[in-house]
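Reading the structure
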Amino acid sequence: EEEEDPWSPAAMARRIRSSGAVKRCRIVVGSRDKMSHPTQALRLAEMLGGDDDDDDDDGVTSEAGRCVLKVMEGCGHAVPMEAMRLWRGDVLGFLDE
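Residues numbered from 1 in each chain as written. Predicted model: local features only at pLDDT ≥ 70, side-chain atom pairs only at ≥ 80, totals over all residues. Heavy atoms only, no water.

1. Quick notes on the nonpolar core
Formed by A10, A13, C25, I27, V29, A41, A45, M47, L48, C67, L69 and V71, the largest nonpolar core amounts to 12 residues. Of all elements in the fold, only α1 (9–19), β1 (25–30), α2 (38–47) and β4 (67–72) reach the threshold of two or more residues within this core. (Core = buried A, V, L, I, M, F, W, Y, C linked by side-chain atoms within 4.5 Å. Buried < 20%, exposed > 50% of the residue type's maximum accessible area, 1.4 Å probe, protein only. Helix = DSSP H or I, 4+ residues; strand = E, 2+ residues; numbered from the N terminus.)

2. Observations concerning the pattern of salt bridges
What the rule picks out here adds up to three salt bridges. Between D90 and R26 there is a salt bridge; the shortest N-O distance is 2.7 Å. With a gap of 64 residues between them, D90 in helix α4 (residues 84–96) and R26 in strand β1 connect regions that are remote in the sequence. Owing to a relative accessible area of 13%, D90 belongs among the buried residues under this scheme. (Salt bridge = Lys/Arg side-chain N within 4 Å of Asp/Glu carboxyl O.)

3. What about the environment of V29?
Checked against the element boundaries, V29 lands in strand β1. Among the residues examined, V29 registers a relative accessible area of 3% and is labelled buried. C-alpha separation for the pair V29 and M72, spaced 43 residues apart in sequence, amounts to 6.1 Å. For V29, the contacting residues outside a window of four places in its chain are S36, H37, P38, A41, L69, K70, V71, M72 and V79. (Contact = heavy atoms within 4.5 Å.)

4. Quick notes on α2
Within the span of α2, buried status applies to P38, A41, A45 and M47. Immediately downstream of α2, the backbone of G49 shows phi near 115 degrees, a positive value.

5. What to know about the confidence of the model for the protein chain
Looking at the protein chain as a whole, its pLDDT mean stands at 82, while 82% of the residues score no less than 70. Looking over the protein chain, one finds the lowest element-wise mean pLDDT in strand β2 (residues 51–52), namely 48, and the highest in helix α3 (residues 79–82), namely 96. Within the model, pLDDT remains below 50 along residues 52–64, and this stretch shows 25 contacts once partners closer than five positions in the same chain are excluded. (pLDDT = per-residue confidence, 0-100.)

6. Observations regarding the environment of G74
Of note, G74 is situated in the loop between β4 and α3. Put simply, G74 and S31 are 43 residues apart on the chain and 5.7 Å apart in space, counted from C-alpha to C-alpha. What G74 contacts, discounting residues up to four positions off in sequence, is S31, R32 and E82.

7. A look at the packing of aromatic side chains
Counted by the stated rule, this structure contains zero aromatic pairs. One cation-aromatic arrangement involves R15 over W7; the distance from NZ or CZ to the ring centre is 4.9 Å. For the cation-ring pair, R24 lies above F94, with the distance from its terminal atom to the ring centre recorded as 4.1 Å. (Phe/Tyr/Trp six-rings, centres within 6.5 Å; stacked < 30°, edge-to-face > 60°. Lys NZ or Arg CZ within 6 Å of the ring centre and 35° of its normal.)

Set out below in structure tokens:
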């Protein structure tokens, strides 16, 4: 059995989740991101405590609000630069929750 890299996203997500230090988080990814595909972001959100949310087309959320995935339509890897106003509004909305 091959040993997992302790700095892989999966290993880091497990450490974050088990520490209990992060009560909620938001992952933002572009729908056209080729470096970190939305399916990879979805997997990371699920590892951090997200569930499928049928009421929200943005991705996943947990009932406790632990992790939310937001997919920014039409954006690539650099969401804050490609859609800065939309990204800023999304982040500020999350922080205000």
